[in-house]
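# Remarks on the overall topology
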Amino acid sequence: MQLLVIGSGGREHALAWKLSLSPHVHKVFVAPGNAGTAHEPGLENVSLTSIPDLIEFAKKEHVTITIVGPEIPLAEGIVDAFHAAGLRIFGPTQQAAQLETSKLFAKDFMRRHQIPTADYASFTDPVLAHQYIDHSAIPLVIKADGLAAGKGVVVAQTHEQAHTAVNAILVEGHLGTAGNEIIIEEFLQGTEVSFIVMTDGRSILPLATSQDHKRLNDGDLGPNTGGMGAYSPAPFVSPDLHARILRDIIYPVVAGMKQDGMNYTGFLYAGLMITPDNQAKVLEFNCRLGDPETQPIMLRLKSDLFELIDHAVNGALDSIDIEWDRRTALGVVMAARGYPDNPRKDDTIHGLFELISQQKDTHDFHVFHSGTRMGGLEDKEFVTAGGRVLCATALGENIKIAQQNAYKLIENIHFKDYHIRRDIGYQAINHLKK
């Protein structure tokens, strides 16, 4: 059978690669894909992005299931459109996807269903927002309500920074319509982890825990990014905490959606803060897999991903189990110079063809592509085409060995002035030392 994955990043490369390993799957189309998916056995890129064109393609090619990678198609209602066309697709509807597309929707939803999160207030009037800041303790977190490509969150360490953020979003309109309304919430101390599940609208199947590294530079310094690396599993989530997260957060989300007249089907990502007293509070929800968390999670997954998704689409997740490699997986993002504000493009990438040849014979490592395309002489070279270019991902017997293996992969890859963090996984290493 044939599948279709929507998207062009590292998350979609990892998803499509894992799906292609299923004995049930003949081919995985990726729309639009990247240079990495173009060179992956069993994958084929499709230069389509509009929802009507994707529906026509899925019908023509008899696609069994479509899997949505990024948030924009979900926000545009791709799942609703595919359902209306009688096509099977894995992802939440446009209405349910408001958990990610509207911060205010998510916060009000959590308050209504008693899901633990930071205290907050929302504003459209900058004067009222400034007054609120003046009477609030610092630090504060200022969030744009809508999707802002990872640029809609400011952690203000001073009142002045908070006022500046409000003016930039509400007055100067730096984020466009995404910033028509803002949320100001309390700052939570602790350790961030990613908790991702699959759901068929009734049953829940947790994926392996993971931790992302959002800041650009070592030691969690510098500006926020889409993610500079990730690893799985996250040792901060004990079996007891895992059970409490499911009981207090994940199950109430799925039940609350149904109670509010929405049936949530798809991946559900909860970005959590584990507080010093070992409580979990929700920082944000995403209605899809995280990037770069997907890369190490897919490398550890031993079960057939197609079978898992097929069961979810059929409403039968409670009748299938999931199996994981006991080893740790760690991925390091190689970013272009100037990322995240102004990444340089069109630099030639060296060393990938040799690694592509090697990784065909092993599942112990994989270099997943994000911002790449084919260019150079006769379009036969890999070149950079985005901010986050690659994610070098490797398995190891423990976090330290997985870290060493991932950085060894990077020694074989080069493009001009690339930027990496040298400490991916440091929190887990420090935690286990204690």
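In this report, the structure presented in the accompanying data block is examined. None of these values were measured; they are calculated from a predicted model. (Residues numbered from 1 in each chain as written. Predicted model: local features only at pLDDT ≥ 70, side-chain atom pairs only at ≥ 80, totals over all residues. Heavy atoms only, no water.)

If you tally the helices and strands in the protein chain, you get 15 helices and 23 strands. Expected size for 434 residues packed as a compact globule is a radius of gyration near 22 Å; at 21 Å, the protein chain falls within 12% of this value. Excluding contacts between residues fewer than 6 apart, the proportion of contacts in the protein chain whose partners are at least 24 apart in sequence is 69%. For the protein chain, the accessible surface area stands at approximately 17,800 Å², while carbon and sulfur atoms represent 48% of it. Each charge class in the protein chain can be summarised by its mean position, and for the 38 positive and 52 negative side chains these summaries are 3 Å apart. (Helix = DSSP H or I, 4+ residues; strand = E, 2+ residues; numbered from the N terminus. Rg over C-alpha atoms; globule rule 2.2 N^0.38 Å. Contact = heavy atoms within 4.5 Å. Areas by Shrake-Rupley, 256 points an atom, 1.4 Å probe, with all protein chains shown as cover. Lys, Arg positive; Asp, Glu negative; His and termini not counted. Charge placed at Lys NZ, Arg CZ, Asp CG, Glu CD.)

Attention now goes to the pattern of salt bridges. A complete count under the given rule lists 23 salt bridges for this structure. One salt bridge in this structure joins D417 and R344, with 3.1 Å as the shortest N-O distance. Pair noted here: D417 is in the loop between α14 (399-410) and α15 (426-433) and R344 is in the loop between β18 (328-335) and β19 (348-349), with a separation of 73 residues, a long-range link. Since its relative accessible area comes to 26%, R344 is described here as partly exposed. Through salt bridges that share partners, R337, R344, D347 and D417 make up one connected network. (Salt bridge = Lys/Arg side-chain N within 4 Å of Asp/Glu carboxyl O. Buried < 20%, exposed > 50% of the residue type's maximum accessible area, 1.4 Å probe, protein only.)

Further remarks concern the sheet that holds strand β5 (residues 89-90). Within a beta sheet, neighbouring strands are joined by backbone hydrogen bonds and run either parallel or antiparallel to one another. With parallel pairing, five strands are arranged side by side in an open sheet as β3-β2-β1-β4-β5. Of all strands in the sheet, those with a lone pairing partner are β3 (43-45) and β5, marking the two edges. Bridge analysis of strand β4 (residues 63-68) against β5 gives two bridges, and the strand direction is parallel. Note that in β5 the partner of I67 across the bridge is F90. Along the sheet, helix α1 (residues 10-20) contacts β1 (2-7), β2 (27-32), β3 and β4; its crossing angle with β1, the most-contacted strand, is approximately 170 degrees. Lying over the sheet, helix α3 (residues 51-60) contacts β1, β2 and β4, oriented at roughly 165 degrees with respect to β1. (Pairing = 2+ DSSP bridges. Axes fitted to C-alpha atoms, helices over the stretch in contact; angles between N-to-C directions.)

With that settled, the discussion passes to the environment of H113. For H113, the location among the structural elements is in the loop between α7 (103-112) and β6 (120-123). Counting along the chain gives 146 residues from H113 to Q259, while the straight-line C-alpha distance between them is 9.7 Å. Once residues within four sequence positions are removed from consideration, H113 is found in contact with G256, Q259 and D260.

Here helix α9 (residues 159-171) is 13 residues long and its end C-alpha atoms lie 17 Å apart, about the 18 Å a rise of 1.5 Å per residue gives. The complete set of buried residues in α9 reads A162, H163, A165, V166, A168, I169 and L170. Where the residues of α9 are buried, they touch β6, α8 (126-134), β7 (140-144), β8 (153-156) and β9 (182-186). (Expected span 1.5 Å × (residues − 1).)

Right, let's get into the sheet that holds strand β12 (residues 211-212). With respect to topology, five strands assemble into an open sheet ordered β12-β15-β18-β23-β20, the strand pairing being antiparallel. Single-partner strands in this sheet number two, and they are β12 and β20 (365-369). One ladder, built from two bridges, connects β12 with strand β15 (residues 229-232); its direction is antiparallel. Directly across from Q211, in β15, lies its bridge partner Y231. The sheet contacts of helix α13 (residues 352-359) involve β20 and β23 (388-396), and relative to β20 the element is tilted by about 130 degrees.

Moving on to the packing of aromatic side chains. Both the distance between ring centres and the angle between the ring planes are used here to describe each pair of aromatic rings. A complete count under the given rule lists seven aromatic pairs for this structure. Seen in terms of ring centroids, W17 and F368 are 5.6 Å apart; in terms of plane orientation they differ by 65 degrees. Their pairing is edge-to-face. With W17 in helix α1 and F368 in strand β20, the pair connects residues that are 351 residues apart, well separated along the chain. We note that W17, like F368, is buried. Taking 4.7 Å as the distance between ring centres and 40 degrees as the angle between the ring planes, the aromatic pair formed by F353 and F382 counts as tilted. Highlighted residues: F353 in helix α13 and F382 in strand β22 (residues 381-384), separated in sequence by 29 residues. (Phe/Tyr/Trp six-rings, centres within 6.5 Å; stacked < 30°, edge-to-face > 60°.)

Here we come to the side chain of T362. Tracing the sequence through the fold places T362 in the loop between α13 and β20. A distance of 3.0 Å separates a polar side-chain atom of T362 from the backbone nitrogen of D364. (Polar contact = N/O pair within 3.5 Å; in protein donor to acceptor, adjacent residues only side chain to side chain.)

What follows is about the nonpolar core. Of all hydrophobic cores here, the largest spans 81 residues; its most connected members are I78, L99, L272 and F285. Examining the composition of this core, we find that eight residues originate from one element, helix α10 (residues 239-259), more than from any other. Once you skip the residues sitting within four places of it in the chain, L99 turns out to touch F105, A106, F109, V253, M257, Y264, L268, F285 and C287. In terms of nonpolar packing, the next biggest core, distinct from the first, is built from 35 residues, I67, F306, L317 and F368 among them. (Core = buried A, V, L, I, M, F, W, Y, C linked by side-chain atoms within 4.5 Å.)

Here we take up the environment of S210. Note that S210 resides in the loop between β11 (204-206) and β12. With near-sequence residues (within four places) excluded, S210 lies in contact with V193, S194, Y231, S232, A234, E293 and I297.

Burial analysis of α7 places seven of its ten residues in the buried class, which makes it a mostly covered element. Along α7, the residues that are buried comprise K103, L104, F105, A106, K107, F109 and M110. The elements touched by buried residues of α7 are α6 (98-101), β6, β7, β9, α10 and β17 (280-286). At the C-terminal side of α7, Q114 shows a positive phi close to 55 degrees.

This part is about the pairing of β15. Because side chains alternate across β15, one face comprises the buried residues G229 and Y231, and the other comprises A230 and S232, equally buried. Where β15 lies against β18, four bridges are found, and the strand directions are antiparallel. Paired with Y231 across the bridge in β18 is L330.

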